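Okay, here's what each chain looks like letter by letter:
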Amino acid sequence: MTNTNTNTDTDTNQTMGQDPARAEEIFAGKVAVITGASSGIGSGLARHAAGLGMKLVLADIAADRLAAFADELRAGGAELESVVTDVASAASVDALADTAYDRFGAVDMLVNNAGIMAMGYSWEIPAERWDAMLKVNIGGYVNGVRSFVPRMLERGERAWVINVSSIGGLLPSPLMAPYSVTKFGVLALTESLHYEMRMKGAPIQVSVVTPGSVHSEIFKAARPGETEPPEIAAFNDQLQQLADAHGLTPEEHAERVFRMVAEGKYWAIPQPEQLFPALQPRTDMILGQVNPELQLGV
């Protein structure tokens, strides 16, 4: 992402110094549905949730990878169901919800996490790739909300909806327009849902997660081919180097997220040291109606 400060020497009170037992006390025995669960951020959230004693319903479109990951967690004692799911399909997400409720009788937490990446100049990214990202990165979250929230409301007990956005949902980036568009969209969807739960007086906590650099394969998977302009590959490599050098492991990221959600935070910002130094100048730019300037670098 652009405008990202990579100084990780200082942890803030928002991510550290909290009582780790609090999350376990709140979430042990609860049922969590996690999409995009078999790799990256999703796998970290699933592992940590299992460690807290949660029952899991893991969803992913990658059937073989999902099965292997589910077997790994079961071997460690986790109680779970795995469901091959295409979050872009409303019917597929409805089937995921049906399976979750059939298996466990209730769902206490929905984690919308599944997402895909595309890199390139916004006008050169193929229409079908744009369409896929909109359907997965926004449509998948909408499908999750539509399939699970009505049942949570009907049950009337404490529940959580956690939507994973990105610091890229607050800081737009060149060569990543579909990602920026969809992650901004997740912020809007999540905040709207938060207000709606307050309007209804529902006991459903809504939180948005804004990861910074996390060890994953997302940039490697999005690396352009040899026929693409070299600056796209160079930018991709720069982001991968940032993640490798300064990123959290998925497990470290998950621990911070669950701590914040357990504290009742709407904003689950696991890496403020990466976001805040860039967010204030961006806010000043908007309030001052200053033309954006391109800033790249790790």
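Everything discussed here concerns the structure shown above.
Residues numbered from 1 in each chain as written. Predicted model: local features only at pLDDT ≥ 70, side-chain atom pairs only at ≥ 80, totals over all residues. Heavy atoms only, no water.

Asks: Help me understand unusual backbone geometry in this model?
Replies: With glycine set apart, most residues show a phi of negative sign, and most peptide bonds adopt trans. Not every positive phi belongs to a glycine, and L175 is a case in point at roughly 65°. Note that L175 resides in the loop between β5 (159-164) and α6 (177-200). Judged by relative accessible area, L175 falls into the buried class, the value being 13%. A positive phi is found at Q289, a non-glycine position, where the angle reads about 50°. Secondary-structure assignment places Q289 in the segment after α10 (272-287). (Helix = DSSP H or I, 4+ residues; strand = E, 2+ residues; numbered from the N terminus. Buried < 20%, exposed > 50% of the residue type's maximum accessible area, 1.4 Å probe, protein only.)

Asks: Hey, could you run me through the packing of aromatic side chains in this one?
Replies: How two aromatic rings sit relative to each other is set out by the distance from centre to centre and by the angle between their planes. Counting across every chain of the model gives five aromatic pairs. Pairing Y266 with W267 gives two aromatic rings, centres 5.1 Å apart and planes at 90°, and the pair type is edge-to-face. Residue classification places Y266 among the buried residues on the basis of a relative accessible area of 12%. Judged by relative accessible area, W267 falls into the partly exposed class, the value being 37%. What links up through ring pairs into an aromatic cluster is the set F27, W160 and F258. Residue placement shows R151 over the ring face of Y101; its charged tip is 4.8 Å from the ring centre. (Phe/Tyr/Trp six-rings, centres within 6.5 Å; stacked < 30°, edge-to-face > 60°. Lys NZ or Arg CZ within 6 Å of the ring centre and 35° of its normal.)

Asks: Explain the sheet that holds strand β7 (residues 267-268) here, please?
Replies: Remark on secondary structure: sheet strands pair via backbone hydrogen bonds, oriented parallel or antiparallel. Ordered by their spatial adjacency, seven strands build an open sheet running β3-β2-β1-β4-β5-β6-β7, and the pairing between neighbours is parallel. Single-partner strands in this sheet number two, and they are β3 (80-84) and β7. Relative to β7, strand β6 (residues 204-209) runs parallel, the two being bridged by two bridges. Bridging from a neighbouring strand, V208 pairs with W267 of β7. The sheet strands contacting helix α3 (residues 63-75) are β2 (55-60) and β3, and the helix crosses β3 at an angle near 175°. Those strands touched by helix α5 (residues 127-155) are β1 (31-35), β4 (109-112), β5 and β6, and its axis lies near 175° from that of β4. (Pairing = 2+ DSSP bridges. Contact = heavy atoms within 4.5 Å. Axes fitted to C-alpha atoms, helices over the stretch in contact; angles between N-to-C directions.)

Asks: Please explain α3 as it appears in this structure.
Replies: Its 13 residues place the ends of α3 18 Å apart at the C-alpha level, agreeing with the 18 Å of an ideal helix rising 1.5 Å per residue. Considering only its buried residues, α3 is in contact with α2 (40-51), β2 and β3. Immediately beyond the C-terminal end of α3, within one or two residues, lies G77, with a positive phi of roughly 100°. (Expected span 1.5 Å × (residues − 1).)

Asks: Before we go on, may I ask you to explain the pairing of β5 in this structure?
Replies: Each regular strand carries side chains that alternate between the two faces of the sheet. Among the six residues that make up β5, six are buried, leaving the element largely enclosed by the rest of the structure. Side chains A159, V161 and N163 project from β5 onto one buried face, and the interleaved W160, I162 and V164 project onto a second face that is buried too. By the bridge criterion, four bridges tie β4 to β5 in an arrangement that is parallel. By the bridge assignment for β5, V111 is matched with I162. Regarding topology, α5 serves as the crossover connection from β4 to the parallel β5, and that connection is right-handed. (Right-handed = clockwise from strand over helix to strand, strands pointing away.)

Asks: Just to check I follow, could you spell out α5 for this structure?
Replies: Along an α-helix, residues three or four positions apart point the same way, because every turn accommodates 3.6 residues. Between its first and last C-alpha atoms α5 spans 41 Å; for 29 residues at 1.5 Å apiece the expected length is 42 Å, and the two agree. By the largest-angle criterion, G139 marks the main kink of α5, which is about 40°. When we look at burial in α5, the residues that qualify are M133, V136, N137, G140, Y141, N143, G144, V145, S147, F148, V149 and M152. In this structure, the buried side of α5 is in contact with β1, α4 (90-104), β4, β5, α6 and β6. Directly after α5, the chain includes G156, whose backbone phi takes a positive value near 75°. (Bend = angle between axes of the 7 residues up to and from the residue.)

Asks: Looking at this structure, I do not really get the side chain of K183. What am I missing?
Replies: By secondary structure assignment, the location of K183 is in helix α6. Within the buried core, K183 has no salt-bridge partner, and the shortest N-O distance to an opposite charge, that of D60, equals 13 Å. Each residue touching K183, except ones within four places of it in the same chain, is listed here: Y141, V164, S165, S166, G168 and G169. (Lys, Arg positive; Asp, Glu negative; His and termini not counted. Salt bridge = Lys/Arg side-chain N within 4 Å of Asp/Glu carboxyl O.)

Asks: Help me out: how do you make sense of the side chain of S180 in this one?
Replies: Relative to the elements of secondary structure, S180 occurs in helix α6. Relative accessible area serves as the criterion here: at 7%, S180 is assigned to the buried category. With residues up to four places along the chain from it excluded, the contact list for S180 reads G168, P172 and S173.

Asks: Explanation requested: the pattern of salt bridges in the structure shown.
Replies: Any two side chains of opposite charge can pair, so long as their charged atoms come close to each other. With the rule as written, the count across this model stands at 11 salt bridges. Ionic pairing is found between E251 and R47, a salt bridge with its closest N-O pair at 3.1 Å. Residue E251 is found in helix α9 (residues 250-262), and its partner R47 is found in helix α2; the two are separated by 204 residues along the sequence. A relative accessible area of 29% places R47 in the partly exposed class. The residue R103 makes a salt bridge to E81 at a minimum N-O spacing of 2.6 Å.

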